[in-house]
Amino acid sequence: MGEQFWWFYDVIAAAAVAVCAFLAGRKGPVKSMVTFVGCIIALFVGISAGSGISKPLYSNIMRDSNVTKLTKTIESEKLPEKVAEKINSMGYLVTVDQKKLQSIYETDLSKKRGSTYDSLIYSYMNSINSKKVDDEDAFIGKLHEAYAEIIKDFVSEELSPYAAEIAYREILRGFEKDDGKFNELIPLLMDIETKKPAAEYIVDEYTESAYVEVIRLITMVGLMAVIIVVSLLLSKTLSSGQDEYVSPGAHMIGGIIGLLTGAVIVVLIAAIVRLYAVMGNNEMMFFNNKAIDRTYVFKYVYDFITNKIN
């Protein structure tokens, strides 16, 4: 959905609440309360159950497959070559020697106290033309972004676009926190015998959360839908099969309960929209998020879902 249709989300939310209020007002408070309680149970079970089973399901069903796919991609790529391409496109007017980068990445840092891959590459860059190419912090920031883009490209070849985007964000976040994780990945990427440990590291550290989120969303949407349907059927069984008189006051109370029920339904709709976004391509995710950010009400429900499943 394009960004210009941002209003559609608020319209859908308002329509869901209005329909629930209307139907609940007709049924009266007793049957409406049954449906509402069912919706609350559905929301609680959907969120809590998804949290409990999503990671084990991912580990048992998807992880090994993702590692196998990513291993094939990494085996056909070389880190020094990719980094050289990125640096050469930064506008420093230098040509980076891939072999020099390879020797840097093969350096045993434990024997060079105080040195890092970043500092060694920066020193090498300044030595190419015997001229300082950039401030150290600025260059290292660009280098870190290049690393994130390289891994994003690796991931996007075989895994989902959302997993690639999450990997990109996680790598940059790790550099901001100076957690040292990427420095642990570099020797694995340089291993000439097998790239499987590197693939396992990327899958476990940078893409797992994306797939766990998808499983949580699928679980949540499925369980909520089933429980809500059951509550609606249960509400119907309370009918004697004959039209019953409902006082105006009861209509009003039922309508209020319906408003609350509608709010839960909007949460379900937000979960479906989120699932649609993360399972689509990057363009779909971008336009979805941009459109939702412009809404007046729906964005708060969407943020609630996003925070609950992350």
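Use the structure listed above.
Parameters at a glance
- Residues numbered from 1 in each chain as written.
- Predicted model: local features only at pLDDT ≥ 70, side-chain atom pairs only at ≥ 80, totals over all residues.
- Heavy atoms only, no water.
- Helix = DSSP H or I, 4+ residues; strand = E, 2+ residues; numbered from the N terminus.
- Rg over C-alpha atoms; globule rule 2.2 N^0.38 Å.
- Lys, Arg positive; Asp, Glu negative; His and termini not counted.
- Charge placed at Lys NZ, Arg CZ, Asp CG, Glu CD.
- Patch = residues over 30% accessible without salt bridge, like charges linked within 9 Å, V, L, I, M, F, W, Y side chains within 5 Å.
- Areas by Shrake-Rupley, 256 points an atom, 1.4 Å probe, with all protein chains shown as cover.
- Salt bridge = Lys/Arg side-chain N within 4 Å of Asp/Glu carboxyl O.
- Buried < 20%, exposed > 50% of the residue type's maximum accessible area, 1.4 Å probe, protein only.
- Phe/Tyr/Trp six-rings, centres within 6.5 Å; stacked < 30°, edge-to-face > 60°.
- Core = buried A, V, L, I, M, F, W, Y, C linked by side-chain atoms within 4.5 Å.
- Axes fitted to C-alpha atoms, helices over the stretch in contact; angles between N-to-C directions.
- Left-handed = near helix turned anticlockwise from the far one by under 90°.
- Contact = heavy atoms within 4.5 Å.
- Nonpolar A, V, L, I, M, F, W, Y, C, P; charged D, E, K, R; others polar.
- 1 Å grid on protein atoms, 1.4 Å probe; cavity = no way out; pocket = protein on both sides within 12 Å on 5 of 7 lines; lining within 4 Å.
- Points joined across faces, edges and corners; volume = space filled by probe spheres on them.
- Parallel < 35°, antiparallel > 145°, perpendicular 65-115°, else oblique.

This brings us to the overall build of the chain. From N to C terminus, the chain includes 13 helices and 0 strands. Listing the helices and strands of the chain from first to last along the sequence gives α-α-α-α-α-α-α-α-α-α-α-α-α. Since a compact globule built from 310 residues should have a radius of gyration of about 19 Å, the 26 Å found for the chain marks it as more spread out than a globular shape. Overall size of the chain, expressed as C-alpha extent along the three principal axes, is 90 × 40 × 30 Å. Positive and negative side-chain charges of the chain, numbering 32 and 38 respectively, have mean locations separated by a distance of 4 Å.

With that out of the way, let us pick up a nonpolar patch on the surface. Nonpolar side chains collect at one region of the surface, where Phe-5, Trp-7, Phe-8, Val-11 and Ile-12 lie side by side and expose about 420 Å² of accessible area between them. If you trace the backbone, Val-11 turns up in helix H1 (residues 7-27). Judged by its relative accessible area of 45%, Val-11 falls in the partly exposed class.

Here the focus is the environment of Asp-108. Along the chain, Asp-108 turns up in the loop between helix H5 (98-105) and helix H6 (117-128). What makes Asp-108 partly exposed here is its relative accessible area of 38%. It is 13 Å that separates the C-alpha atoms of Asp-108 and Asp-191, two residues lying 83 residues apart in sequence.

Turning our eyes to something else, we now look at the packing of aromatic side chains. For the structure on display, the rule yields 12 aromatic pairs. Taking 5.6 Å as the distance between ring centres and 70° as the angle between the ring planes, the aromatic pair formed by Trp-6 and Tyr-296 counts as edge-to-face. Note that Trp-6 is positioned in the segment before H1 and Tyr-296 in the loop between helix H12 (282-293) and helix H13 (298-309), a separation of 290 residues in sequence. Residue classification places Tyr-296 among the exposed positions, given a relative accessible area of 61%.

Judged by nonpolar contacts, the single largest core of 89 residues is most densely connected at Tyr-105 and Ile-121. For this core, the leading source of residues is helix H10 (residues 196-237), giving 16 residues.

Time to look at the packing of H1 against helix H11 (residues 248-278). Running from N to C, H1 and H11 point in directions that differ by 145°, and their axes come no closer than 6 Å. Crossing geometry of H1 relative to H11 is assigned as right-handed. Taken together, the residues of H11 that come into contact with H1 (itself represented by Tyr-9, Ile-12, Ala-13, Ala-16, Val-17, Cys-20, Ala-21, Ala-24, Gly-25 and Arg-26) are His-251, Gly-254, Gly-255, Gly-258, Leu-259, Thr-261, Gly-262, Ala-263, Ile-265, Val-266, Ile-269 and Val-273. Taken together, the residues that form the contact of H1 with H11 break down as 14 nonpolar, 7 polar and 1 charged.

The next thing to look at is the layout of surface pockets. Sizing a probe to match a water molecule and rolling it over the atoms shows the empty space that remains. Approximately 300 Å³ is the volume found for the second largest pocket. Taken together, 19 residues form the lining of the second largest pocket, with Tyr-162, Ile-166, Ser-209, Glu-213 and Asn-310 sitting closest to its centre. The class makeup of the residues in the lining of the second largest pocket is 6 nonpolar, 6 polar and 7 charged.

What follows concerns the pattern of salt bridges. In the structure shown here, the tally under the stated rule is 12 salt bridges. Of the charged contacts in the structure, one is a salt bridge between Lys-55 and Glu-208, with a shortest N-O distance of 3.4 Å. Here Lys-55, found in helix H2 (residues 29-61), pairs with Glu-208, found in helix H10; they are 153 residues apart in sequence, far enough to count as distant. Of the residues examined, Lys-55 reaches a relative accessible area of 46% and is grouped as partly exposed. Overall, Glu-208 belongs to the buried group, its relative accessible area being 16%. The salt bridge partner of Asp-134 is Lys-142, with a shortest N-O separation of 3.6 Å. The class for Lys-142 is partly exposed, based on a relative accessible area of 36%. Salt bridges sharing common partners tie together Arg-63, Asp-64 and Asp-204.

Here we take up the packing of H5 against H6. Contact geometry of H5 with H6 gives a least axis separation of 10 Å together with a crossing angle of 150°. Between H5 and H6, the interaxial angle falls into the category roughly antiparallel. Relative to H6, the crossing made by H5 is right-handed. In this structure, H5 contributes Lys-100, Leu-101, Ile-104 and Tyr-105 to the contact, and H6 contributes Tyr-117, Leu-120, Ile-121 and Tyr-124.

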